[in-house]
Amino acid sequence: MNEDVLCGLVEAVARRRDKAAFARLFQHFAPRLTAFMQRRGADPAAAQDLAQDAMLTVWRKAPQFDRGRATASAWIFAIARNRRIDVLRRERRPDPEILIFMQETNAPSAEAEMERSAFQSRLHATLAQVPANQLDILKKAYFEDLSHSDIAQQLGLPLGTVKSRIRLALIRLRGLLDSEDTP
Amino acid sequence: MTHHHVPSSLLFDYATGALSEGPALAVSTHLSYCGDCLAALGRLEEIGGVVLQSLAPAAVDSELLSRTLARLDEQGANERKPEPEDAANGTLPPVLRAHLGIGLKDARWRFAAPHVREARLTLGGPSHRASLLRVPAGRNVPRHTHRGVEYTVVLSGGFIDRGQAYRKGDFCAADPSVEHRPVAMDDAECLCLIVLDAPVLPMGRIGRLIAPFLR
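Rules of the game
Residues numbered from 1 in each chain as written. Chains lettered and ligands numbered in written order. Predicted model: local features only at pLDDT ≥ 70, side-chain atom pairs only at ≥ 80, totals over all residues. Helix = DSSP H or I, 4+ residues; strand = E, 2+ residues; numbered from the N terminus. Contact = placed C-beta atoms within 7 Å. Nonpolar A, V, L, I, M, F, W, Y, C, P; charged D, E, K, R; others polar. Pairing = 2+ DSSP bridges. Buried ≥ 20, exposed ≤ 12 C-beta atoms within 10 Å, placed from the backbone. Axes fitted to C-alpha atoms, helices over the stretch in contact; angles between N-to-C directions. Expected span 1.5 Å × (residues − 1). Domains from an automatic or database assignment. Parallel < 35°, antiparallel > 145°, perpendicular 65-115°, else oblique. pLDDT = per-residue confidence, 0-100. Core = buried A, V, L, I, M, F, W, Y, C linked by C-beta atoms within 7 Å.

Caption draft 1: Structural detail: the overall build of chain A. Broken down by element type, chain A carries nine helices and zero strands. Along the chain direction, N to C, the helices and strands of chain A fall in the order α-α-α-α-α-α-α-α-α.

Structure representation (structure tokens):
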């Protein structure tokens with residue numbers, strides 16, 4: 001299913017509390033969320049519970065979804081990431097919408113205004129071009145929520161190497177880094 | 001407009017979920033002021049979305065969908081609701097208000113150093129310490145260095161540190177290689193969020209005197 005269809009399903013849930021649309025989202029995402037939670041260390045039963053929990057959060061939070069700010073898959077990724085932290089680490093992470101506060105003084109960059117789904121389809125295409133040694137580390141970070149230093153330790157690589165591989169991968173995925181690294 | 005941003009590796013660890021609660025609070029506070037970093041986070045979460053989509057689907061119980069559908073009606077929906085107006089806490093971004101518990105005005109401000117007052121914030125775990133720090137206009141935090149990493153986000157006013165000006169929303173990270181003596185700007189009191197993973201190490205005569213208070 002492409003992002004426009006997925007976004008439309010989330011919007012149908014938001015506007016009409018459409019259970020059929022929710023069921024389609026569930027059939028697409030629940031098996032992926034279960035895989036995601038398993039990669040992050042949950043056993044199969046716990047992973048399904050977390051996936052269900054994330055999908056119930058999707059149902060509740062659908063009215064806050066805004067396709068100008070995120071695609072459906074990025075929005076659901078952020079929900080799953082936060083739910084996992086809430087449940088397994090018992091720490092709170094802010095909901096994305098609570099971060100909107102005083103940013104209006106910043107001039108919106110051209111990139112911020114770029115249409116989300118166009119950006120995402122470019123990402124899909126570019127991901128295939130990222131060299132394997134960079135992509136492996138990138139996926140490790142996203143799947144297993146390991147920090148730069150956790151990854152360095154696990155792979156027995158210097159921290160600088162991990163930082164530069166992630167950095168190169170992100171640059172390849174098109175100039176994602178705006179600010180220079182500080183020590 | 002913010003000028004000092006979250007380092008990109010820290011923003012990445014925030015996006016993947018690896019960052020622990022204290023540093024994540026400092027990052028989300030900066031994001032509350034900085035449209036550029038919020039947009040950069042959005043792009044990192046788009047990568048998360050692509051990565052999620054690229055996963056091979058795992059097997060799920062055949063009745064998981066029906067069990068989930070049966071629970072929808074008890075869920076309700078979170079409508080978009082504006083933050084309740086709160087004059088006393090209006091200067092604080094919503095991400096911080098939840099950690100303060102009581103209002104900014106009624107927070108328990110205690111001595112941290114001469115002229116400097118601190119109010120502790122509550123975090124879920126013990127690995128970091130988060131506080132609000134108030135420094136009167138023109139006054140300074142005693143010279144110190146760090147045993148770990150210190151994250152600072154300006155909430156109002158501003159300070160000068162090592163020749164750089166930090167104003168509302170700006171982010172500053174200092175590690176054991178940094179010895180500094182930040183000074184509040186002359187025109188207003190400076191209110192900051194401070195997140196530490198280890199106590200600071202005071203330097204000099206005043207520093208040694210107040211060391212017991214900084215634990």
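Caption draft 2: A look at the interface of chain A and chain B. Of the residues lining the interface, 71 residues belong to chain A; the matching set on chain B comes to 62 residues. Taken together, the elements giving at least two residues each to the side of chain A that touches chain B come down to helix 2 (19-39), helix 3 (44-61), helix 4 (72-89), helix 5 (110-113), helix 6 (116-127), helix 7 (132-144), helix 8 (148-155) and helix 9 (159-172) of chain A. Considering only residue class, the side of chain A that touches chain B consists of 35 nonpolar, 18 polar and 18 charged.

Caption draft 3: Region of interest: the sheet that holds strand 6 (residues 158-161) of chain B. Residues and elements named next belong to chain B. If you walk across this open sheet you meet the three strands as 7-6-9, and the pairing is antiparallel. Each of the sheet's edge strands pairs with one partner strand only, and the pair in question is strand 7 (164-167) and strand 9 (183-184). Across two bridges, the pairing between strand 6 and strand 9 is antiparallel. Counterpart to I160 in the pairing with strand 9 is V183.

Caption draft 4: Summary view of helix 1 (residues 8-16) of chain B. Most of helix 1 of chain B is tucked away: nine of the nine residues are buried. Those residues of helix 1 of chain B that fall on the buried side of the exposure criterion are B:S8, B:S9, B:L10, B:L11, B:F12, B:D13, B:Y14, B:A15 and B:T16. Against the buried residues of helix 1 of chain B lie helix 7, helix 8 and helix 9 of chain A together with helix 2 (21-31) and helix 3 (35-54) of chain B. Just beyond helix 1 of chain B, the residue with positive phi is B:G17, at close to 95°.

Caption draft 5: Up close: the environment of B:L193. Mapping B:L193 onto the fold places it in strand 10 (residues 190-196). In contact with B:L193, other than residues within four places in its own chain, are B:A26, B:T29, B:L96, B:A130, B:L132, B:T152, B:V153 and B:L155.

Caption draft 6: Structural detail: the sheet that holds strand 5 (residues 150-156) of chain B. Residues and elements named next belong to chain B. Read across the sheet, six strands follow the order 1-2-3-10-5-8 without closing on themselves; strand pairing throughout is antiparallel. The open sheet is flanked by strand 1 (110-113) and strand 8 (171-174), the only strands paired with a single partner. If you compare each strand with its neighbour and ignore which way they point, the axes differ by 30° on average. When strand 5 meets strand 8, the two strands line up antiparallel, connected through four bridges. Looking at the pairing, Y151 lines up with A173 of strand 8. Packing of helix 2 onto the sheet brings it into contact with strand 3 (129-135), strand 5, strand 8 and strand 10, and relative to strand 10 it is tilted by some 145°.

Caption draft 7: Quick look at helix 3 of chain A. In this model helix 3 of chain A runs 25 Å from its N-terminal to its C-terminal C-alpha over 18 residues, within 8% of the 26 Å that 1.5 Å per residue would give. For helix 3 of chain A, the set of buried residues is A:A47, A:Q48, A:L50, A:A51, A:Q52, A:A54, A:M55, A:V58, A:W59 and A:K61.

Caption draft 8: Region of the structure containing the domain arrangement of chain A. Taken domain by domain, chain A comprises domain 1 (3-97) and domain 2 (129-172). Computed from C-alpha coordinates alone, the two centres of domain 1 of chain A and domain 2 of chain A are separated by 25 Å.

Caption draft 9: Spotlight on the packing of helix 7 of chain A against helix 9 of chain A. Residue and element names in this part refer to chain A. The N-to-C vectors of helix 7 and helix 9 enclose an angle of 95°; their axes lie 9 Å apart at closest approach. The orientation of helix 7 with respect to helix 9, classified from their angle, is roughly perpendicular. Facing N133, Q134, L135, I137, L138 and A141 of helix 7, the residues of helix 9 in contact are V162, R165, I166, L168 and A169. Here the residues of the contact of helix 7 with helix 9 sort into eight nonpolar, two polar and one charged.

Caption draft 10: Quick look at the environment of A:A51. Residue and element names in this part refer to chain A. Relative to the helices and strands, A51 resides in helix 3. The spatial distance from the C-alpha of A51 to the C-alpha of Q38 is 10.0 Å, given a sequence separation of 13 residues. Discounting chain neighbours no more than four positions away, the residues touching A51 are A30, L33, T34 and M37.

Caption draft 11: Looking closely at the confidence of the model for chain B. When pLDDT is averaged along chain B, the result is 87; 88% of the residues meet or exceed 70. Scored as a whole, the predicted complex attains pTM 0.89, and scored at its interfaces, ipTM 0.88.

Caption draft 12: The arrangement of the nonpolar core in detail. Core analysis: the largest hydrophobic core is formed by 106 residues, its most contacted members being A:V10, B:L11, B:V27, B:L41, B:C192 and B:L193. Looking at this core, the element that brings in the most residues is helix 3 of chain B, giving ten residues. Shared between two domains, this core takes at least three residues from each, and those domains are domain 1 (3-97) and domain 2 (129-172) of chain A. Setting aside its immediate chain neighbours within four residues, B:C192 contacts B:L133, B:T152, B:V153, B:V154 and B:L155.

Caption draft 13: Local environment of unusual backbone geometry. Residues and elements named next belong to chain B. At H115, a position not held by glycine, the phi torsion is positive, near 70°. Inspection of the secondary structure assignment puts H115 in the loop between strand 1 and strand 2 (116-120). On the basis of neighbour counts, which here come to 15 C-beta atoms within 10 Å, the residue H115 falls in the partly exposed class. Phi is positive for R162, which is not a glycine, with a value near 45°. You can see R162 is positioned in the loop between strand 6 and strand 7. Judged by the 11 C-beta atoms lying within 10 Å of it, R162 is exposed.

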